[in-house]
Each structure stands twice: as structure tokens, then as C-alpha cells.
Amino acid sequence: MTRKGADIVIEVLKEEGVEYIFGHPGGAIMEVYDALYRDGGIKHILTRHEQGAGHMAEGYAKATGKVGVAMSTSGPGATNLVTAIADAYMDSVPVVFITGQVPTHLIGNDAFQEVDIVGITRPITKHNFLVKRIEDLPLILRQAFYIARTGRPGPVLVDIPKDITQKLSDVKIPSLDEVKNSLPGYKPHTEGNPQQIKKAAKLIMSAKRPVLYVGGGAVHSEAQKELVELAELMKIPVTTTNMGKGAFPELHPLALHMLGMHGTYYANMAVYNCDLLIAVGARFDDRVTGKIEEFAPQASIIHIDIDPASISKNIVVDVPIVGDVKVVLRKLIEEIKKEGAKILFPEERQKWIEQIEKWKKLHPLTYRKSDKVIKPQYVIEEIWKATKGDAIIATGVGQHQMWAAMFYKYSFPRQFINSGGLGTMGFGLPAGIGAKLGRPEKEVFVIDGDGSFMMTMQELITAVQYKVPVKIAIINNGYLGMVRQWQELFYEKRYSEVDLSVQPDFVKLAEACGAVGFRAEKPKEVREIIEEALKIQDKPVLLDFHVDREENVLPMVPAGKSYRDMILEDGKKGVDADTMYLVG
Amino acid sequence: MSELNSIEAPTPMIRETKKGSVRKHIITVLVRNELGVLARIATLIAGKGYNIEGLSVGETHEKGISRMTIEVIGDDVVIDQVVKQLRKLIDTLKVRDLTDTPHVERELALIKIHTSTPRARDEVLRITEIFRGRIVDVSQSTYTVEITGTEDKINAFVELVKPFGIMEMARTGKVALKREMANTEEDTSWK
């Protein structure tokens, strides 16, 4: 059947099961918007800025595991997507970005709204394409979806010149096999090497003080069942990274919660003292390891990851296993069971579990409570209680993000949606909207900072337009709080350019947009307004929490330092040797 | 507690970190000849803060498949990362660091030498013959010499003819292939 290139775009998106396009139209992409209008089969969310479209597609993808789609025009439309593309690349989020481009005969001419977006995004995409012939269009689009969702997921950009969307062609949509065969250089390994799996099983059974260190890869491959089974079978405590939250239920007795810079005392102590570290879909990021020479210094390391380039990148590992986390864990469990599932040093293992319990009691995750000012951690705890621990949480970047990571207890994968790698302020609101559209049955809470919120707050009106009932909790301290905290701790309180106390009246702002706004200034109002917000299900609700302005995120391992240099929850610097080391 | 406090803190344990030596590596990459593939590879290497010292690209016997030979000076550990990331690129089919693998390598250079006196012409001709080069262009005052061989051989030739005056010079950068030997195991890495 002969049809326009623009119609082919819509046809392939439908073939790929796309439910939503997040985007913003413009000159070079108008044909595709026309095809979208004529077809009517895909819902489109008109964002107020292309960055919002990118983060919404990410939030949708992170919440559902499906490929998100963001679309924009050429030039500024495309460059506005760049932050979201980089964000998706760092956090391995499957998103297909479609950009319009000036007609092929004008490419390279400094035409109106022309930019070399393929060149710009080359280092921040898993792959990208410029479509030069209409005959290639359906194959390229299908390749884009295939590459985005398989292996280590990631963003793929397809740049389509306007004349390609206007040309007519009867080219067929290729089958999935044809797509695979067209990519001879792309074959992700999922199975894991059986010899290495055997070695890993032996190490796990003979370890005295093992720890599982679980990252975002376990969320992508949805391996919660396997993780819980392995941890319980072999009595292994589990710490999760920021990206790995929800991969292991945090109320489980073996849960150590987060490790690293703002990790718990007990997670960091466990990692410091372990003799076997089992890294699962994690990449030894500097925010996790701190000073690399003192990271798990006594441990042998098993590293399971789908990306061969992640292995031995920052730290040499003893047993590398390239494969899909879920598949490899399943095989590992079977191998352990085949060997009798014996813990070779049961007494040591028991002592290890007890030691961790001691650490948990010594320095639990806590904060100084108050009945006069609202403590930010208190707000998160109350949100957790009011939503019965079942809400999806999306955050911006900064102190509020870390408090949301620490004080909400996550129990299922894809529950905690935040910008971990790139650390993009302004990620929260659009990502939360995308998540709510993808998972309408779940309560979605955006936990944002006042600084972060203001970077993408135009999307509030998008949420109103499409009646997306997200809840937006602003942890409002009138500061760029994380920068202020570093200035307090490392720059002798020279608060350079972090004061945001001149700010809009957020409640009125919500009302001006047609949303609902509430404010809490006293601790007793916190729970009240959360309960009020939860009653509203036809529009977004903004909750403005005026919190203690100079509260810090603790514990904290200063950047590049060892876990020994951890600042504890009472602000005391350094860890006592007698509590830190396993002496005797 | 006080008793425990009196225990000296053990010296912190140190994990061995990787440090490689910095040297020249020669990497051979088989690629699909797609739009932007060269830029993609160059971007990746530049992104590690390394300069490409030599580069040659040409189509192989298979249509649409090219071989690139890349010379880059860098830390062994970082180069290992570069190789792994090159393998991840969608358009690369095979990537191999040949540095420590037996291989043959050749380079070609064209050198335009100032030869206005009969003595210079004789001398350059003689050196060219010794190096098994060829004179491919002659003018009243110049010879253009074609010479192939290893990097060292070409460097030696350049040193010898420098006193006559080199007017222009073009070098291809290395091409290299792995040596086939009876006991060589096939590379089992995934790409």
C-alpha cells in the first residue's frame, strides 16, 4: 500500500504497541503530527517544553518497563530533548526519540531550525539514525525499538528529514526476524557462562560474610523473585543502590537498604567488612564506592551484568558473568541447589547476620524529630504511611531525592523513579506524570524540591490538561539544599547563591493552573493535607511543605572518601574503629 | 566501651586497583559501512581523552564491510575499556587489540624530496633502492618516493633523506592483520 513516510512512522509505532507519544510539534515534524491526527490510534501528550516530553517518556518507561516515545521538531525542539536523552542514557532507560529534520537537500546548509542532532547525541545514545531514504524508514524505526529495549536498555534517536515524511512509498514493515538479521553486529548475551556460574555458586556457599549489592539492572530484568530466593536460601544480606531500590523488598529482615554516599551505616559497614560481594546489575559508580581503594577491601567479587563493558571498569572483579540478571540468578540458584544448597560455614554466617543486626541497632536510619518545625524526613515517612507503602515515587534531584530514597520503604521494582546517573534537577514532575499515565492504577507521588520543581514546573499545566492525578509534594526549604549542605560541611558555611527564599506562592500557582494546592507549616498539618490530597483523583494536587531549612542528609560519605570517613546521623565525623571493624 | 576504645584502629585495608602501562596500541575494527560510523568510533576514543595517532580505513572483500586500523597511545586498562565499548557499538562486527597478538603490519608513505643536484639524485635513488622503495614521480628538482613497510623502516628512511630536504610527505597510517599460526586459538570474546 502506498502511503506517506509520516504514515509509516505511525504504522510502525502502532506495530510496536506504543500507547502514548510525549511530544511537541513544529515545522519539520508537522507531517507526522498530521498522520497522527488522521490516524487517531495513538494518544499524544502535548507537553509545554520538549525536556518535559523526554522525561515523561522516561517516567513512563521506568514505571512500565515498556519503551517510551518522545517526539519533537528539528533544531531547538531537538536540542531541548538533549538533557532527557543524556538522562536516559545514564540510567539505561528504553526510550525512542523521534526528531524532525530539515529536508535532505537543505541538510548542512544552516537552514532554519537546523541542527545536527545525530552528531550532538552520538555520545549519549545507545544508537542513533538519520533516515536518508524512505525505503529505510520502517526498518530503522523497528531497529530503534529493538535496540532500545534489548540488552542493556537505552535511548535511541531517529532523525527524519521533512521530505522523507512527505514522500510516498509502498515499502513493507519488516518482521522482528528481519530486524534481528539486519543487525549482525548487535547480539546481547543473556545466558551467562556456565563455568562462571559454577564458580560463583561455590564462592557463595563457602563465603563467611557475603553481601548482595543490587543495582538498576535487577529492576530492568525484574528479578525480585530470584533475588529474594537467593538471599533467603543462602542467608545473604542485601543492599540496593539508588537505582536498584525496589528490586529487593526493604522491609525484609535481610534488607540493608541503600549503600554509598548516603547509604545506611549498616549497609556500608557490611560492604566494608564482607568477604564476598555479589554485584547484581550494578556498575560500581563513584557515589557507591567512595574511595575505590577502600571499597570492600577484603572481598572477592562476583559481578553479574548484561553489559560486558561494565565489568572490571572501575574495579577488578574475580568472577565476571555477562548475562541477563534474572536468567543468570535463576541458573545460579539451580546450581547452588544441585550442590546441596549448603552453607559451608554456618556458624560464621550466623555471626555475620548477628553482627549486622548489631550495626542496625547501633546506627539505625533516623533523624532528630520535632513538634515545632516540619522535618523533611517526617514528611516522607507520613507519605509512606498514608499510601501504605504502595505508591510509586518520582523525585527531582537533591536533598529531597535522598530523603525519599531513605525514608520511604520500597517493596516492588519500578516503584522509585529518579534520575540517578545524570542527576537531572526537574526530572520529578514530568517523570511522575509519565509514570501515572503508564500505571494509572497506582498512586503516584512526586517528591520534589523547591529548586528542582521550578526547573520543569510548566508541566503542571500538562497534568491539568490531561487530568493526571499526580500528587506533588514540594519539600520546600527555600534553598538549593544539597549545594547548601556541601557549603556548610566543606566550605565553612559560605552560602554562595543557594538562597531560593524568594519564590512563588506554590499553592496559588497550583490554583492558577487549575490544580489543587495545600500548604503545611506545622508538623500536625502534614498528615492532614496528605489525606486531603489522596481524596482528589481527577486533577493534580500540589502540597507545599515548609520544612526545617537547614536540615542535612545524613549519614554521608564525603565524595571520594572512604566509608571510614562517614558523617553519622548525629553529625559526628568519622566512624569509631571499635564499631566499624570486626575485631577478633 | 572504654576498653574497646583502647584498641588501636587497624590500618585500613587497601584494595588493589588496576594500573596499566601507557603505550601504543593497535586496534583493528571490522565495521558496517554505515553513515557516521567513523565519527562514532572517533567520538568514543576522544571521549576517553585520547588522541588517534594513526587511522586507516578501507573496504574489505565483502561489500559494505570495512576494516579500520586505529593506533592510539593509552593506558592498557583504559584501552581495554575502549575495546569493550567499541564492541558495544551497533555498527562494529569485530574488534581486536592486536598489540600483544602476533600480527603483520604495514604502512605506506609518499615522500617528495628536494633533489636539484646530480649528487642528491644519485644518493636518494640509492637509498630508495636499499629500502626497496620506488620513485613514482620525477621533476627537475624533486623525486617522489613510495615506500612501504613497518613504522620503523619508514622512520629510518625519513631520517636518511631529511638532509636533502623533504618538501611534502603523506603517510597512510598502519594496516594490520593477525598472523595465522597453527596453535592460535580463535578469539572467543562475544564480538
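(A) Structural view of the overall build of chain B. In terms of regular secondary structure, chain B is built from five helices and nine strands. Sequence-ordered secondary structure for chain B, helices as α and strands as β, is α-β-α-β-β-α-β-β-α-β-β-α-β-β. Per-residue burial over chain B gives 38% buried out of 191 residues. With the model as given, the accessible surface of chain B reaches about 11100 Å², and the carbon-plus-sulfur share is 52%.

(B) Up close: the overall build of chain A. Of the regular secondary structure elements, chain A holds 24 helices and 20 strands. Since a compact globule built from 584 residues should have a radius of gyration of about 25 Å, the 25 Å found for chain A is in line with a globular shape. For the C-alpha atoms alone, the extent of chain A along its principal axes is close to 80 × 60 × 40 Å. Looking at chain A as a whole, 63% of its 584 residues are labelled buried. For chain A, the proportion of contacts with a sequence separation of at least 24, taken over those separated by at least 6, is 75%. As displayed, chain A has an accessible area near 21300 Å², and 53% of this comes from carbon and sulfur atoms.

(C) Molecular detail of the pattern of salt bridges. Following the criterion strictly, the structure yields 55 salt bridges over all chains and no others. Where Lys162(B) meets Glu159(B), a salt bridge forms, and the shortest distance between an N and an O atom there is 3.2 Å. The exposure class assigned to Lys162(B) is partly exposed, which follows from its relative accessible area of 47%. Through salt bridges with shared partners, a single network forms among Glu226(A), Glu229(A), Lys326(A), Arg330(A) and Lys337(A).

(D) Geometry of the pairing of strand S18 (residues 471–476) of chain A. Residues and elements named next belong to chain A. Across the six residues that make up S18, a large majority, six, are buried. In terms of strand pairing, strand S17 (residues 444–449) meets S18 through five bridges, oriented parallel. Bridge pairing in S18 places isoleucine 447 opposite alanine 473. Judged from the six bridges that link them, S18 and strand S20 (residues 541–546) form a sheet pairing that is parallel. When the sheet's bridge partners are listed, isoleucine 475 is paired in S20 with phenylalanine 545.

(E) Representation of helix H16 (residues 376–386) of chain A within the structure. A large share of H16(A) lies buried, amounting to eight of its 11 residues. Of the residues trailing H16(A), Lys388(A) is marked for its positive phi of about 55 degrees.

(F) Up close: the sheet that holds S17(A). Taken in spatial order, the six strands make up an open sheet running S16-S15-S17-S18-S20-S19 (chain A), and their pairing is parallel. Looking at strand neighbours, the two that pair on one side only are strand S16 (416–417) and strand S19 (516–520) of chain A, the edges of this open sheet.

(G) How the structure looks around the packing of aromatic side chains. Residues and elements named next belong to chain A. Throughout the structure, instances matching the rule amount to 16 aromatic pairs over all chains. When the centroid spacing of 6.0 Å and the interplanar angle of 90 degrees are considered together, the rings of tryptophan 352 and tryptophan 359 count as edge-to-face. Just as tryptophan 352 is buried, tryptophan 359 falls in that class too. Centre to centre, the rings of tryptophan 486 and phenylalanine 490 are 5.6 Å apart; their planes meet at 85 degrees, and the pair counts as edge-to-face.

(H) Just the side chain of Glu250(A), in detail. All names here are of chain A. Along the chain, the position of glutamate 250 falls in the loop between strand S10 (238–240) and strand S11 (255–258). A relative accessible area of 4% means that glutamate 250 is categorised as buried. Engagement of the side chain of glutamate 250 in a polar contact is seen with the backbone nitrogen of tyrosine 410, the distance being 2.8 Å. Residues contacting glutamate 250, with those up to four places away along its chain left out, are Thr240, Lys245, Ala255, His257, Tyr408, Lys409 and Tyr410.

(I) The arrangement of the side chain of Glu58(A) in detail. Residues and elements named next belong to chain A. Position of glutamate 58 relative to the elements: it lies in helix H3 (residues 50–64). Look at glutamate 58: it is buried, it has no salt bridge, and the nearest opposite charge is lysine 62 at 5.2 Å. Only 2.8 Å separates the side chain of glutamate 58 from the side chain of histidine 55, close enough to count as a polar contact. Reaching out from glutamate 58, the side chain makes a polar contact with the backbone nitrogen of alanine 88 at a distance of 3.2 Å. Not counting the four nearest positions on each side in its chain, glutamate 58 is found in contact with Ala84, Asp87, Ala88, Val93, Val95 and Phe427.

(J) Region of interest: the environment of Ser182(A). As for its position among the elements, Ser182(A) is in the loop between helix H8 (176–181) and helix H9 (194–206). Residues Ser182(A) and Ile140(A) lie 42 residues apart in sequence; the distance between their C-alpha atoms is 9.7 Å. Among all residues touching Ser182(A), those that are not within four sequence positions of it are Leu139(A), Gln143(A) and Arg32(B). A polar side-chain atom of Ser182(A) sits 2.5 Å from the main-chain carbonyl oxygen of Val179(A).

(K) Seen up close, helix H3 (residues 76–88) of chain B. Residues and elements named next belong to chain B. Its 13 residues give H3 an end-to-end C-alpha distance of 19 Å, which sits within 8% of 18 Å, the value for a rise of 1.5 Å per residue. By the burial criterion, the buried members of H3 are Ile79, Gln81, Val82, Val83, Lys84, Leu86 and Arg87. For H3, the secondary structure elements touched by its buried residues are strand S1 (22–32), helix H2 (37–47), strand S3 (65–75) and strand S4 (92–97).

(L) A look at the nonpolar core. All names here are of chain A. Among the nonpolar cores identified, the biggest contains 71 residues, and Leu277, Phe284, Phe295, Ile393, Ile530 and Phe545 are the most heavily contacted of them. Counting residues per element, this core draws most heavily on helix H12 (residues 265–273), which supplies seven residues. Ignoring sequence-local partners within four residues, the contact set of isoleucine 393 consists of Ala404, Tyr408, Tyr410, Gln415, Phe416, Ile417, Phe445 and Ile447. Residues Met56, Ala61, Val95 and Val115 belong to the second largest nonpolar core, which totals 49 residues.

(M) The packing of H12(A) against helix H15 (residues 346–362) of chain A, seen in detail. Residue and element names in this part refer to chain A. Between H12 and H15, the shortest axis-to-axis distance is 8 Å and the interhelical angle comes to 145 degrees. With respect to the hand of their crossing, H12 and H15 are arranged in right-handed fashion. Contacts between H12 and H15 pair Tyr265, Tyr266, Met269, Ala270 and Asn273 from the former with Trp352, Ile356, Trp359, Lys360 and Leu362 from the latter. Taken together, the residues of the contact of H12 with H15 break down into eight nonpolar, one polar and one charged.

(N) Broad picture of the sheet that holds strand S14 (residues 319–322) of chain A. Residues and elements named next belong to chain A. Taken together, six strands build an open sheet; the order of strands is S11-S10-S9-S12-S13-S14 and the sheet is parallel. At either end of the open sheet lies a strand with only one pairing partner, and these are S11 and S14. Each strand of the sheet is rotated relative to its neighbour by a mean of 15 degrees, with strand direction disregarded. Bridging between strand S9 (residues 210–214) and strand S12 (residues 276–280) involves five bridges; their strand directions are parallel. Bridging across to S12, proline 210 finds its partner in leucine 276. Each of S9, S10, S11 and S12 touches H12; the most contacted strand, S11, lies at about 105 degrees to it.

Conventions adopted
Residues numbered from 1 in each chain as written. Chains lettered and ligands numbered in written order. Predicted model: local features only at pLDDT ≥ 70, side-chain atom pairs only at ≥ 80, totals over all residues. Heavy atoms only, no water. Helix = DSSP H or I, 4+ residues; strand = E, 2+ residues; numbered from the N terminus. Buried < 20%, exposed > 50% of the residue type's maximum accessible area, 1.4 Å probe, protein only. Areas by Shrake-Rupley, 256 points an atom, 1.4 Å probe, with all protein chains shown as cover. Rg over C-alpha atoms; globule rule 2.2 N^0.38 Å. Contact = heavy atoms within 4.5 Å. Salt bridge = Lys/Arg side-chain N within 4 Å of Asp/Glu carboxyl O. Pairing = 2+ DSSP bridges. Phe/Tyr/Trp six-rings, centres within 6.5 Å; stacked < 30°, edge-to-face > 60°. Polar contact = N/O pair within 3.5 Å; in protein donor to acceptor, adjacent residues only side chain to side chain. Lys, Arg positive; Asp, Glu negative; His and termini not counted. Expected span 1.5 Å × (residues − 1). Core = buried A, V, L, I, M, F, W, Y, C linked by side-chain atoms within 4.5 Å. Axes fitted to C-alpha atoms, helices over the stretch in contact; angles between N-to-C directions. Left-handed = near helix turned anticlockwise from the far one by under 90°. Nonpolar A, V, L, I, M, F, W, Y, C, P; charged D, E, K, R; others polar.

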